[in-house]
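Residue-level listing of the chains:
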Amino acid sequence: MLEAVIVDDEIKALQSLSWELTNLSDEVDIVASFTDANEALEYLERNTPDCLFLDIEMPAMDGFQFIKNLKNKDFPVVITTAYNQYALQALKNEAIDYLLKPIDSDDLEVTIAKIKRYNSKNLTVNRLEKILLNFNSESHSKKITINTDGKLLFLNSDEILYAESDGNYSTIFLKDGQKILLTKKLKEVNSLLPESSFFRIHNSYIINLNKIKEFLKTDGYVVLESNHKIPVSRQKKSDFLDML
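On a predicted model such as this, the values are computed, not experimentally measured, just so you know.

Scanning all chains against the criterion turns up 6 salt bridges. In this structure, Lys71 and Glu45 form a salt bridge, with 3.8 Å as the shortest nitrogen-oxygen distance. Separated by 26 residues along the polypeptide, Lys71 in the loop between helix H3 (63-69) and strand S4 (77-81) and Glu45 in helix H2 (residues 37-46) bring together distant segments of the chain. Close ionic contact of Asp55 with Lys101 constitutes a salt bridge, the shortest N to O distance being 3.1 Å. Note that Asp55 is positioned in strand S3 (residues 51-55) and Lys101 in the loop between strand S5 (97-100) and helix H5 (105-136), a separation of 46 residues in sequence. According to the relative accessible area criterion, Asp55 is buried, its value standing at 3%. A residue is classified by how much of its surface remains accessible, and Lys101, at 24% relative accessible area, is partly exposed. Among the charged side chains, a network of salt bridges with common partners joins Asp8, Asp55 and Lys101.

In structure tokens:
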């Protein structure tokens, strides 16, 4: 059963689409409908339907502004409108389909089929991701899981030299010269790395203790096997020496 939400400021258009959906297939259930965009946004913050049918021409907040304000985007969006000039913009906003009012039953059938394929594909991907994450969290696994750019990277701790902070972002530096940019703060990155071999030596740096070549006590730097010089903060110096 597909759980659908409809957002349309015109009550007649909303009722018409509801009727079409429920009469077209016994696999569609209208779980909520709204003529007020803000009420719909509040509902979608707490609930995740299987699809959203969204009108474009609405007062105060049009459909594209609505999409931008959506915090939860884990469902396909179908644009509904009486104006065909929005087709390209709908695609740019990652809408799964575009329906012109009055909505044709054949077009609606095609859209429902698209929604089913989309949800089926994403369900498989999400399940696979959970399986991989769970497997990699087992005690026998020595790999570190990094979620970035829509993919999961599985790294051996030995591949990582250090990580560097850049505000709300962090960069992981690998021994082969690669750099991995993450939309995570260094504190979050630190929680992913094994405490036995990684140490936050500075507010801006985490190093792999197994990659240290030298510790310059006077200068307050460590030199890694890659010859990168990483500063040791005064606050961390005592704990760092204890780790060594």
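Let us now look at the UniProt feature "modified residue: 4-aspartylphosphate" (unreviewed entry) in the protein. Sequence positions flagged by UniProt for "modified residue: 4-aspartylphosphate" (unreviewed entry) are, in local numbering, Asp55. Contacts of Asp55, omitting those with residues within four sequence positions, involve Val7, Asp8, Asp9, Gly63, Thr80, Thr81 and Lys101.

Okay, the sheet that holds strand S8 (residues 160-166) next. Ordered by their spatial adjacency, 5 strands build an open sheet running S10-S9-S8-S12-S11, and the pairing between neighbours is antiparallel. Looking at the sheet topology across the chains shown, the edges are occupied by strand S10 (179-182) and strand S11 (198-202). Across the sheet, the mean angle separating the axes of adjacent strands is 20 degrees when strand polarity is ignored.

Reading guide: rules and limits
- Residues numbered from 1 in each chain as written.
- Predicted model: local features only at pLDDT ≥ 70, side-chain atom pairs only at ≥ 80, totals over all residues.
- Heavy atoms only, no water.
- Salt bridge = Lys/Arg side-chain N within 4 Å of Asp/Glu carboxyl O.
- Helix = DSSP H or I, 4+ residues; strand = E, 2+ residues; numbered from the N terminus.
- Buried < 20%, exposed > 50% of the residue type's maximum accessible area, 1.4 Å probe, protein only.
- UniProt positions renumbered as here; feature names shortened; annotations may be inferred.
- Contact = heavy atoms within 4.5 Å.
- Pairing = 2+ DSSP bridges.
- Axes fitted to C-alpha atoms, helices over the stretch in contact; angles between N-to-C directions.

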